[in-house]
Each structure stands twice: as C-alpha cells, then as structure tokens.
Amino acid sequence: MNARSFTLGRAIRLFILSFGALIFLAPYIFMISTAGKAQSDIFSSSLSLIPQHLSYVANFTKALTRVSMTTLLWNGVVVCALIFVIQVAIAIPCAYAMAKLKFRAARAMMVLVMLGLLVPIHATALPIYVAFDRAALLNSYFALVAPFTISVFGIFLFLQFFRAMPDDLIHAARLDGMSETGIIARVIVPNAWPAITAFAIFSVVAHWNDLYWPLIVVSNQSYATPPLGLLYFRAAEAGDDYGALMAATLIITFPLVAAFLLAQKRFVEGITMTGLKG
Amino acid sequence: MSTLSLRGIHKSFSGNQILKGISLDAGENEFIALVGPSGCGKSTLLRILAGLESADGGEIIVGERDLSPVPAADRNIAMVFQSYALYPHLTAAQNIAVPLVMRNLTRTQRLPLIGPLMPGQRKAIANIRRDVREMAVSLKIDHLMDRKPGQMSGGQRQRVALGRAMVRRPAVFLMDEPLSNLDANLRVHARGEIVDLHRRAGVPTIYVTHDQAEALSMADRVAVMIGGALRQLASPQVIYDDPAHVEVAKFIGQPRINLFASQVGPDAIVAIGDNRLRLAETMAPGAPVTIGIRPEFVTVNRSGQHGLPARLDRVEFLGSEIILYCRLDAIGETVIAKLSPSEGSGLAAGMPVRLEFAADRLFVFAEDGRRLPSLPVGADIALEKAHG
Ligand SMILES: Nc1ncnc2c1ncn2[C@@H]1O[C@H](COP(=O)(O)OP(=O)(O)OP(=O)(O)O)[C@@H](O)[C@H]1O
Ligand SMILES: [Mg+2]
C-alpha cells in the first residue's frame, strides 16, 4: 500500500468499519473480560474492561470441574457432525436430481422445497416431540439429529450451485460410463466444495448454538449439547457466579471461533462463490 | 469395425418439431460433416445419437444393433463437446483415464482403500496407465499430463478432450464444433490433425460444424441440415457444384450464391440475360423459379455488347481474389462476382460493366426449393426458334 492510497475517504471508511466491528465484537470482548473477573469485580459499580484481580485460572477451573465440559463438547461435535453429514448426503443427490435430471415430479418437488423453507422448526416442534415421546426416543442422539437431517435450505443452496454447472460436463460423464451415483461421487461432489463449505458454516453454527430443540427433547444431562449444558450449569451450579459462567461460555464458543479463523479463506471463498453473502 | 445408420429420427421440444425425420448412413470409416445454420438441430441430433436425449421416433443402428433402448453409458459412442467438458478437478492424465477406469475396472476395484486389495486391480491400472500414455504421446500432450484443465490453453484442452474420447476405442465418434473455441490459425492446423486421428481410429465419425470451410475440407461426405431436415448428403464437390436444394446452395459457398427470381417461359425454357435453360421436366409456363449462379462463374466485362448492364457498387480486395458487388441496371438487384486480382485490376466503384454468366453453371430451383435439372440451350437452337 502506498501513501497516496491512504486518502481521507479511505480513512473515514476504515473508521466506520472498525466502529461497526467494535460494536459487534463488544459483547464477546466483554465476555472474555468477565471470564477473568472475580465475583467482587463483576458486581462493582464501575464498569471496567480489565479485571482488577485476574481470576481466569479460578473461573476456568470452576467451569471445567463443576460441569462435565468434555461430555458437552463431545455431544456438540457428535450432533453437529451427524446432522451435517446426513444433511449433505441427502441434499446433494436431491439437488442434483432437481437441477440436472428431467422427471415429472421436479416441479412439485421445487414447490415442496419452497414450502419447506417457509416453515420454521417451531411450527413442527410439538408434533415431532409427541411422536418421539410415544416412540420413547427422547433423550437420545437420534432425537437431537433426526428432525434436521433433511435440510431444505441445503437442497436449495446446492440446487442453485448445480444449476450453474455445465450440462456438458454431466453428459461427458455419462458417455464415459458413469452411473448417476458415479456422477455425483466423481463429478458433482469434487466440484461442489465451495458450496459444501458454505453450507457447513450455516449448518454447524446453527446446530452448535441451537438451544431450542435440545431443550425440548433432552432432559438427561448426558445428552446435553453445549448451550443446554450452559443452561444447566447456570441453574444448578453457578447461580450468580458469572465469572465461571462466562469462562464456560468461552470454552463452548471457542471451537467455532477457532475453526473459522483457521479456515477463514476457504469459508469466505465458499460463501462468495455460492452468491450467499450477508 | 462398424457402420452407423439413422432411420427417421424425430424429436420435438414442447410441441416444436426440431428434427423432422433424419436418415443417414455412415460407412465403416467415413467422416461425415454435419453443417447447418445455428439452431437447426445439429447438437440435438448428436445428443440423441449419444443417448443423452431420447428421440421421439426412429432407429439408431450401429453395426447390426439398434441402440435406441441402450443407455448412453453402454453405447460405446464417444463425443467431443464444444466446451470440451473436461473434469475441472482432475489432471489431464486422469481425465483421459476416466473412460478406461469406468470400463476396465469392476465396481469394487474402483473403490478407494478397498480397490487396491482386489485381485487384478494392479494389472488393470498398469494397462490404463499405458494406454493413457500412448494416447498422450500420439496427441503430443505427454508434457501436460499433470496439469488441470484450468492450467491449459484452449488448444491443449481440445487435445485432452480428443484423447479422452478416443482412448476407449469407441464404435462411433461424434464431435460437436470441437474447433470453434480456437483461434483461426490453430483451427486450420487442428483440422488436419483431426482428419489424421480419424484415419487412425477408423470408425464412423460425425463432425458438427457451422464452418463450411471445415466441412468441405475435412469430410468424405457433407450432410447439410436446414430447419431440422437433411437437405443433402453428398461429397463436398457435389454439395458445392450440384446443390440439391436452394437452401443448400445458399448455405454453402463464400461469398454466397447469387439468386434471381424468374418464371418458366414457353417450352419449359428459363431465361436470364443471354442465357436460356431448358428444364428436364415440363412445367407450366409462368411457374415461379429461382435461378442461381456462384460468384466465381460471373464474368465482368468492362465493355462490349454481351451480358447484362450493371454498375459497380463496391470492390473488396481480399488478397488472392477480388469480390465485386454490381447492381443490375434493369432490376436493381445486386450480383456478387469473384475475380482473380489480375482480372479485376482497374475496376473501381461506379464504373458501368456488363455481366455474363457461365451457361453450364446456372442452377434452377423450384418454388419449394427443390433443384430442377436443366440444360443450357445452345445459341443455334435459339436462332432456329427465332426463325421458326
Ligand atoms: N432441451 C431443450 N428444450 C427445448 N428446446 C431445445 C432444447 N434443446 C434444444 N432446443 C431447441 O432446439 C433447437 C436446436 O438446437 P440445437 O442445439 O440442436 O441447435 P444447433 O444446430 O446445434 O445450433 P448451434 O449451431 O447454434 O449449436 C433450438 O431451437 C433450441 O432452442
Ligand atoms: Mg450446437
């Protein structure tokens, strides 16, 4: 960057952007700060960002010992991974068929996908809960994963991406002797990585942070996902020990933040390539 | 060795008839160029042949077998696409290997991790490697084998696409405008290479192009398709010198043929300028016909009494030839003439000229476009008639 490019306009733009970023980051920064404060600091009348008595170690020890953090994180990983893998395994063939194959029900399926996009989980939560209860499936990974395995959003996203793939590529694959499954495995998936990463962000973030559904189907601590665990932690252990609570929150949000920072470039690539900005 | 026959292929898209009964036979190692204006259904025909699209009616016979019910993967027909359609995530070598991997390895042998444990897999892969290498050497792309399509030039991609199509020794070879993405020089060079490859492969080949120079220079026979129907299938000479339909005459030839509306006179005689033609079949006098003559058979005289008076509108110098646009004084129509530079020296726009047509090069077409066989009427007969 040379000196000339740093004009007044540029400085103003940079300032506005930094200000916006600061506003968005403020809660997170405050959480980091609170995680290191002792009880007396948190409830002092003055609002300070730097803890007066650094008690990170104490708070993290409390967070890690009073609640089985490993179970929570493990549950989160299992649930998110299962949901994501099954969603992709269903959405990709489905979107491929809708984008590239000609069949009678294509139009009807498109309508169903659109309808599916409009119906939130809250509308179907109760019937599903009742069904799971009758089938004695509550308090299981199945109950946490099953309602999300068919992602209409995923189908829609992949559909848009596959439509842009040239037909000739698929024709060539057919002439080369591939079956439709072969085409998906050998041509579609290897070329769909941008869309898959973009979808991964949306899916994993949504389900890692989801509190609503686990709260409905899980009452047994050993199946609690991270946000649900936090809730238990607050209710049962921490009380008003916000330092320990924030430390636990920090631990739980850390995996996503770390994953994003590590794979930032690919994620941004994926989101811009699928045209799903914002 | 195999032959290819199409019998009455029909296809409609949502009520529009795109192919109106195409029938065609290609011999064992014949190279047929399929030409026609944009949108006439050439690509559709190839896709139907390859099995990527189903026909509404008709038969596709390769060797002795009707392929209509056979899925694309089992037809053993290879195709080169205009866009090349190389797999973007695979290297050139992997691209060429795909058809062999899909055919020569079993389903389990293709699996990752488990595949290498299957008996015979190692040997099959070694054979594929060897075939790919041979193909690459014969196409002179062996130095590109580790590159992905995105890292290759258009010409290189086109060769990889050719290699992928040829490596499995298909029974029929289809090409859909494979050279249209190349620059002019490379295109002329690649023409020769494709003809060579075709000779070596020795399978019936259908080559779609809308470049008539390509069609005439490469093919054993040229099929001219207009509006979903095959108008003529013949050797390049016949297509050019003896067009069967006015659309064929219009489509082939650069600059395009001169056409004049006329009428049949008494005794099935058609006249234009000093030329008189007798039709082989009798037609009612007054029936409308079209008379055609190619620009190179128009003679331009600067003076004299013979020929149609005209005025030079425009002179185009093209190096090896000169194109003249002349406006006929009588009817105001433009006639295009093609001359060698020596014949055309000194001609300039605005000059009055007289045009003569080579009598044995005039074509007569009926109102529906059909060619009407005709013979020039000699001057003596004309005289006789004048006296009688
Ligand atoms: N899947 C389809 N659905 C509807 N119409 C189609 C379809 N495919 C082709 N057509 C129509 O069929 C006609 C012929 O198309 P085709 O691609 O065969 O033309 P072409 O002769 O290959 O032209 P070009 O020289 O431009 O490649 C066109 O009018 C096109 O709009
Ligand atoms: Mg085409």
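The numbering scheme is per chain: residues are counted from 1 as the chain's sequence reads. Whichever chain is written first is A, and whichever ligand is written first is 1; the rest continue in order. In keeping with the model being predicted, local features are shown solely for residues with a pLDDT of at least 70 and side-chain atom pairs are shown and tallied solely at 80 or more, while totals for entire chains, interfaces and linings include all residues. Derived side-chain values reflect all non-hydrogen atoms in the structure, with water molecules and hydrogen atoms excluded from consideration.

Some points on the pairing of strand β14 (residues 288-293) of chain B
Looking down a regular strand, the side chains alternate between one sheet face and the other.
All names here are of chain B.
Consideration 1: Paired strands, as defined in this entry, are two strands with at least two bridges between them according to DSSP. Note on conventions: DSSP H or I runs of at least 4 residues are helices, E runs of at least 2 residues are strands, and numbering of each starts at the N terminus. Bridge count between strand β11 (residues 258-263) and β14: 6 bridges; the pairing is antiparallel. Counted as the bridge partner of Asn 258 is Ile 293 from β14.
Consideration 2: Relative to strand β20 (residues 363-365), β14 runs antiparallel, the two sharing 3 bridges. When the sheet's bridge partners are listed, Ile 291 is paired in β20 with Val 364.

Description of the site of ligand 1
Residue and element names in this part refer to chain B.
Consideration 1: One heavy atom within 4 Å of a molecule or strand is enough for the residue carrying it to be called near that molecule or strand. Every residue close to ligand 1 is listed here: Phe 13, Ile 18, Ser 38, Gly 39, Cys 40, Gly 41, Lys 42, Ser 43, Thr 44, Arg 47, Glu 177 and His 210.
Consideration 2: At a separation of 2.8 Å, an oxygen atom of ligand 1 approaches a polar backbone atom of Gly 39.
Consideration 3: Only the protein chains shown count as cover for residues, with accessible areas throughout obtained via the Shrake-Rupley method and a probe of 1.4 Å. In isolation ligand 1 offers 630 Å² of accessible surface; the protein chains occlude 62% of this area.
Consideration 4: Of the residues forming the shell around ligand 1, the biggest block, 4 residues, is contributed by helix α1 (residues 42-50). Pairing of N or O atoms within 3.5 Å defines a polar contact, subject to two protein rules: one partner must be a possible hydrogen donor and the other a possible acceptor, and residues neighboring in sequence count only if both atoms are side-chain atoms.

Considerations on the domain arrangement of chain A
Interfaces are often described in size by the accessible area the parts lose on coming together.
Residues and elements named next belong to chain A.
Consideration 1: The start and end points of each domain follow an automatic or database-based domain assignment. If you check the domain split of chain A, you get domain 1 (2-61) and domain 2 (65-274).
Consideration 2: Once you take the C-alpha centre of each, domain 1 and domain 2 turn out to be 31 Å apart.
Consideration 3: When two parts are put together, the accessible area they lose, computed with a 1.4 Å probe and summed over both, is reported as buried area. Carbon and sulfur atoms supply 71% of the area that domain 1 and domain 2 bury against each other, a total of about 1,100 Å² over both sides.
Consideration 4: The largest contributions to the domain 1 side of the interface with domain 2 come from Tyr 28, Met 31 and Phe 60, which together make up 41% of the buried area.
Consideration 5: A pair is scored as a salt bridge if a Lys or Arg side-chain nitrogen falls within 4 Å of a carboxyl oxygen belonging to Asp or Glu. Here domain 1 is connected to domain 2 by 0 salt bridges.
Consideration 6: Remark: the boundary between domain 1 and domain 2 carries 2 residue pairs in polar contact (both at pLDDT 80 or more).
Consideration 7: Elements represented by at least two residues in the side of domain 1 that touches domain 2 include exactly α1 (8-34), α2 (39-42) and α3 (56-66).
Consideration 8: The element contributing the most residues to the side of domain 1 that touches domain 2 is α1, with 4 residues.
Consideration 9: Only Asp, Glu, Lys and Arg are considered charged, only Ala, Val, Leu, Ile, Met, Phe, Trp, Tyr, Cys and Pro nonpolar, and every remaining residue, Gly among them, polar. Broken down by class, the residue content of the side of domain 1 that touches domain 2 amounts to 7 nonpolar, 4 polar and 1 charged.

A word on the interface of chain A and chain B
Consideration 1: Throughout, a contact is declared for two residues whenever any of their heavy atoms are within 4.5 Å. The partner chain B presents 23 residues to the 15 residues of chain A that form the contact.
Consideration 2: Counting each side, the surface lost to burial between chain A and chain B is near 1,700 Å², with a carbon and sulfur contribution of 59%.
Consideration 3: Taken as a group, Leu 175, Asp 176 and Arg 186 of chain A account for 40% of the area that chain A buries against chain B, more than any other trio of residues on that side.
Consideration 4: At the boundary of chain A with chain B, the tally comes to 2 salt bridges.
Consideration 5: Among the ionic pairs, Lys 102 of chain A bridges to Glu 53 of chain B, the shortest N-O distance being 2.9 Å.
Consideration 6: At the junction of chain A and chain B, the tally comes to 9 residue pairs in polar contact (both at pLDDT 80 or more).
Consideration 7: Secondary structure elements with two or more residues in the side of chain A that touches chain B: α9 (167-175) and α10 (180-191) of chain A.

So, the packing of aromatic side chains
Residues and elements named next belong to chain A.
Consideration 1: Stacked, tilted and edge-to-face pairs are distinguished by plane angle, under 30 degrees for stacked and over 60 for edge-to-face with tilted covering the rest, among Phe, Tyr and Trp rings (Trp via its six-membered ring) whose centres lie within 6.5 Å. Summed over the entire model, instances satisfying the criterion amount to 14 aromatic pairs over all chains.
Consideration 2: Ring plane angle 90° and centroid distance 6.2 Å describe the contact between Phe 148 and Trp 213, whose orientation is recorded as edge-to-face. Remark: Trp 213 occurs in helix α12 (residues 212-217) and Phe 148 occurs in the loop between α7 (141-145) and α8 (152-163); sequence separation between them is 65 residues.
Consideration 3: Here the term buried applies to any residue with accessible area under 20% of the maximum for its type, exposed to any over 50%, and partly exposed to those in between, with areas from a 1.4 Å probe on protein chains only. Looking at Trp 213, the relative accessible area reads 1%, which means it is buried.

Overview of the sheet that holds strand β13 (residues 275-279) of chain B
Residues and elements named next belong to chain B.
Consideration 1: If you walk across this open sheet you meet the 3 strands as β12-β13-β22, and the pairing is antiparallel. Both edges of this open sheet fall to β12 (269-272) and β22 (374-376), since each of them pairs with a single strand only. When the angles between neighbouring strand axes are averaged without regard to direction, this sheet yields 30°.
Consideration 2: The pairing of β12 with β13 spans 4 bridges and is antiparallel. Bridging from a neighbouring strand, Ala 271 pairs with Arg 276 of β13. The angle between two axes is taken between their N-to-C directions and runs from 0 to 180 degrees, where each axis is a line fitted to C-alpha atoms and a helix contributes only its stretch in contact.

Describing the packing of helix α5 (residues 154-166) of chain B against helix α6 (residues 184-201) of chain B
All names here are of chain B.
Consideration 1: At a closest axis distance of 12 Å, the pairing of α5 and α6 adopts a crossing angle of 10°. With respect to α6, the axis of α5 lies roughly parallel. Considering the relative orientation of α5 and α6, their crossing is right-handed. Each of Gly 155, Gln 158, Arg 159, Leu 162 and Met 166 in α5 lies in contact with α6, whose residues at this interface are Leu 186, His 189, Ala 190, Glu 193, Ile 194, Leu 197 and Ala 201.
Consideration 2: A per-class count over the contact of α5 with α6 returns 7 nonpolar, 3 polar and 2 charged. For classification, angles of less than 35 degrees are called roughly parallel, those exceeding 145 degrees roughly antiparallel, those between 65 and 115 degrees roughly perpendicular, and all remaining angles oblique. Take the far helix as the reference: if the near one is turned anticlockwise from it by less than a right angle, the crossing is left-handed, and if turned clockwise, right-handed.

Looking at the sheet that holds strand β8 (residues 205-209) of chain B
Residues and elements named next belong to chain B.
Consideration 1: Pairing in this open sheet of 6 strands is mixed, and the strands run β6-β7-β8-β3-β9-β10 from one edge to the other. Two strands in the sheet have a free side with no partner beyond their single neighbour: β6 (77-80) and β10 (229-234). In this sheet, adjacent strand axes meet at a mean angle of 20° when their direction is disregarded.
Consideration 2: In this sheet, β8 lies alongside strand β7 (residues 172-176) in parallel orientation, the contact comprising 4 bridges. Looking across to β8, one finds that Phe 173 is bridged to Thr 205.
Consideration 3: Lying on the sheet, α1 is in contact with β3 (31-35), β6, β7, β8 and β9 (221-226); it crosses β7 at an angle near 150°.

Quick look at unusual backbone geometry
Residue and element names in this part refer to chain B.
Consideration 1: At the junction of Gln 254 and Pro 255, the peptide bond is cis and its omega measures out at -5° in the coordinates.
Consideration 2: Turning to its location among the elements, Pro 255 is positioned in the loop between α9 (246-251) and β11.
Consideration 3: In this model, Lys 140 sits at a positive phi of 60°, which is unusual for a non-glycine residue.
Consideration 4: Among the secondary structure elements, Lys 140 is positioned in the loop between α4 (121-138) and α5.
Consideration 5: The exposure class assigned to Lys 140 is exposed, which follows from its relative accessible area of 55%.

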